[in-house]
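Chain and residue survey
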Amino acid sequence: MTDNNDAVLVDSFGRKITYLRLSVTDRCNLRCFYCMPQADFNWMPQENVLRFEEITTLVRVLARLGIRKVRLTGGEPLVRNNVLKLIEDISRIAGIREICITTNGVVLPDMTDRLVTLGVRHINISLDTLKRDKFEEITGRDLFDRVWNGIEKCLEADIPCLKINFVMIRGRNHDEIADFAMLTRQLPVEVRFIEFMPIGKGSNWGEQFFYPSDKALEQIEKRAGKLVRKERTAFSGPAELYRFQDGRGSIGFISPLSHRFCNECNRLRITADGRLRLCLFSDIEMDLRQMLRTGINDEDLAAFFMDAVKTKPARYMARTQNLPSCNRRMSSIGG
Ligand code: SAM
Ligand code: SF4
Ligand code: SF4
């Protein structure tokens, strides 16, 4: 195994895999009705969750194979015990250039300064409403002020890549789409409108809640003014990007059901209990934890990853009515 960037992970469709989404816990301090409804959860037993040294072993081996960007997600990544230490350990791994975090923002106000010191430059904060009572209705907790404060702290700290993730739910928050879009006039943030995905048992998915990206675009232009399309770049990921002519920020639409960007997919996922997932919508998983706990060495682990990526599907596997699905809860995959 070499350290040079030629030794990249390449799948059987020629896609270079450079991005790892790492779920560091399945636990969460919110109960979003579309992800982790109150009545339906059992945390993973603690011994099933990857330990820090297991996570860093995986990242170290993957970094030598060309992984450059790692996103910590969950559950809520910032409630994992001692998560700042984990971030520090990952940031020291040769080859890792970007550490990103997707968070619900609740404990972010207490951590922003430390995250900045650790070199975290990419933070995605999930927020589905600007109304306090609606926030409680959607997330099961009266914590809107904390999350908004987290956004403010990140703005004060000049986090260079700050995004707000908004899951569009017809009948719950679709009437706030234009208001969120308008935030990007004043604030240097990317607001990303995400279509509600039929993911995970008990996620309350239902056709009646689905609000498509094209409707959102129409609503924004009708209420807030014309949008200009932004060129796709290597950093666009799965979002189609727009901005207001006079806007400081940008607007992204993530439309998983059309998944037009599978051909550019550069990502792997590792679940909190150490399963490798090659596609968000495929339930095929490989048990890395078992390998780590039976003493696999770095060379064999690298060889395993090289083989495993060859089985990454070209795109999501259609199930019924061409809808993708997956059985695991979103909170243990991390989105
Ligand atoms: N707890 C963190 C948070 O909420 O940002 C990270 C984990 S969460 C599973 C990652 C992202 O997935 C969040 O932006 C969340 O809104 C989104 N998400 C969860 N369930 C979803 C669903 N069924 N459809 C679309 N997005 C979903
Ligand atoms: Fe928690 Fe994030 Fe799921 Fe909401 S979306 S329940 S914040 S993991
Ligand atoms: Fe990648 Fe699968 Fe998502 Fe397509 S559906 S972008 S292949 S993870």
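From a predicted model like this one, the values you see are computed outputs, not experimental measurements. (Residues numbered from 1 in each chain as written. Chains lettered and ligands numbered in written order. Predicted model: local features only at pLDDT ≥ 70, side-chain atom pairs only at ≥ 80, totals over all residues. Heavy atoms only, no water.)

This next bit is on the site of ligand 2. Around ligand 2, a shell composed of C28, L30, C32, C35, M36, G75 and N104 is seen. Within the shell around ligand 2, the residues separate by chemical class into five nonpolar, two polar and no charged. (Near = heavy atom within 4 Å. Nonpolar A, V, L, I, M, F, W, Y, C, P; charged D, E, K, R; others polar.)

To continue, consider the pairing of strand β8 (residues 190–195). With six of six residues buried, β8 lies mostly within the body of the structure. Of the two faces of β8, the one holding E190, R192 and I194 and the one holding V191, F193 and E195 are both buried throughout. Looking at chain direction, strand β7 (residues 161–168) and β8 are connected through six bridges and run parallel. Bridge pairing in β8 links F166 to F193. (Buried < 20%, exposed > 50% of the residue type's maximum accessible area, 1.4 Å probe, protein only. Helix = DSSP H or I, 4+ residues; strand = E, 2+ residues; numbered from the N terminus. Pairing = 2+ DSSP bridges.)

Overall, the predicted model of the chain reaches an average pLDDT of 91, with 89% of residues at or above 70. With pLDDT under 50 throughout, residues 318–322 is counted as low confidence; its partners more than four residues away or in other chains account for four contacts. (pLDDT = per-residue confidence, 0-100. Contact = heavy atoms within 4.5 Å.)

A sheet is described by the order of its strands in space; here 12 strands give the open sequence β9-β10-β11-β8-β7-β6-β5-β4-β3-β12-β13-β14, paired in mixed fashion. In this open sheet, the two strands that pair with only one neighbour each are β9 (227–229) and β14 (285–287). Neighbour to neighbour, the strand axes of the sheet diverge by 25° on average, direction disregarded. As judged from the two bridges shared by strand β12 (residues 267–270) and strand β13 (residues 275–277), these two strands associate in the antiparallel manner. Paired with I270 across the strands is L276, a residue of β13. (Axes fitted to C-alpha atoms, helices over the stretch in contact; angles between N-to-C directions.)

A word on the site of ligand 1. Close to ligand 1 lie 18 residues, the nearest being G75, S126, N165, V167 and M197. At 3.2 Å, a side-chain N or O of Y34 approaches an oxygen atom of ligand 1. The separation between a nitrogen atom of ligand 1 and a polar side-chain atom of E76 is 3.3 Å. Calculation on ligand 1 without its partners gives an accessible area of 540 Å², and the protein chains cover 95% of this total. Among the secondary structure elements, those contributing two or more residues to the shell around ligand 1 are β5 (98–103), β7 and β8. Residues belonging to the shell around ligand 1 are distributed by class as follows: seven nonpolar, nine polar and two charged. (Polar contact = N/O pair within 3.5 Å; in protein donor to acceptor, adjacent residues only side chain to side chain. Areas by Shrake-Rupley, 256 points an atom, 1.4 Å probe, with all protein chains shown as cover.)

Below, the discussion takes up the nonpolar core. L72, F193 and F305 are the most contacted members of the largest nonpolar core, which totals 101 residues. With seven residues, helix α1 (residues 52–64) is the largest single contributor of residues to this core. Once residues within four sequence positions are removed from consideration, F193 is found in contact with F166, M168, I177, F180, A181, I220, I251, G252, F253 and I254. (Core = buried A, V, L, I, M, F, W, Y, C linked by side-chain atoms within 4.5 Å.)

Right, let's get into unusual backbone geometry. For N82, which is not glycine, the phi dihedral falls at a positive 65°. Along the chain, the position of N82 falls in the loop between β4 (69–73) and α2 (83–91). With a phi close to 55°, D158 is a non-glycine residue in the positive phi region. Its place among the elements puts D158 in the loop between α5 (144–156) and β7.

All right, on to the pairing of β12 then. Residues R267 and R269 point to one face of β12 and L268 and I270 to the other, with burial holding for every one of them. Counting the residues that bridge the hairpin from β12 to β13 gives four residues, and of these G274 lies at a positive phi of roughly 80°.

All right, on to the packing of aromatic side chains then. This structure, assessed with the given rule, holds 12 aromatic pairs. Taking 6.1 Å as the distance between ring centres and 70° as the angle between the ring planes, the aromatic pair formed by F135 and F144 counts as edge-to-face. There is no split in this pair, since F135 and F144 are both buried. The interplanar angle of 80° and the centroid separation of 5.6 Å between the aromatic rings of Y242 and F253 together place this pair among those described as edge-to-face. Taken as a pair, Y242 in strand β10 (residues 239–244) and F253 in strand β11 (residues 250–254) lie far apart in primary sequence, 11 residues in all. For Y242, a relative accessible area of 12% corresponds to the buried category. Chaining the aromatic ring pairs together yields one cluster made of F166, F180, F193, Y242 and F253. The ring of F244 has R185 lying over it, and the distance from NZ or CZ to the ring centre is 4.0 Å. Of note, R232 hangs over the ring of F261, and the distance from its end group to the ring centre comes to 3.7 Å. (Phe/Tyr/Trp six-rings, centres within 6.5 Å; stacked < 30°, edge-to-face > 60°. Lys NZ or Arg CZ within 6 Å of the ring centre and 35° of its normal.)

Okay, the pattern of salt bridges next. Enumeration according to the criterion identifies 20 salt bridges in this entry. Across the salt bridge formed by E88 and R92, the nearest N and O atoms sit 3.0 Å from each other. Assessed through its relative accessible area of 63%, R92 is described here as exposed. Note that R114 and E88 form a salt bridge whose closest N and O atoms lie 4.0 Å from each other. Taken together, the positions of R114 in helix α3 (residues 108–117) and E88 in helix α2 put the pair 26 residues apart, joining distant regions of the chain. (Salt bridge = Lys/Arg side-chain N within 4 Å of Asp/Glu carboxyl O.)

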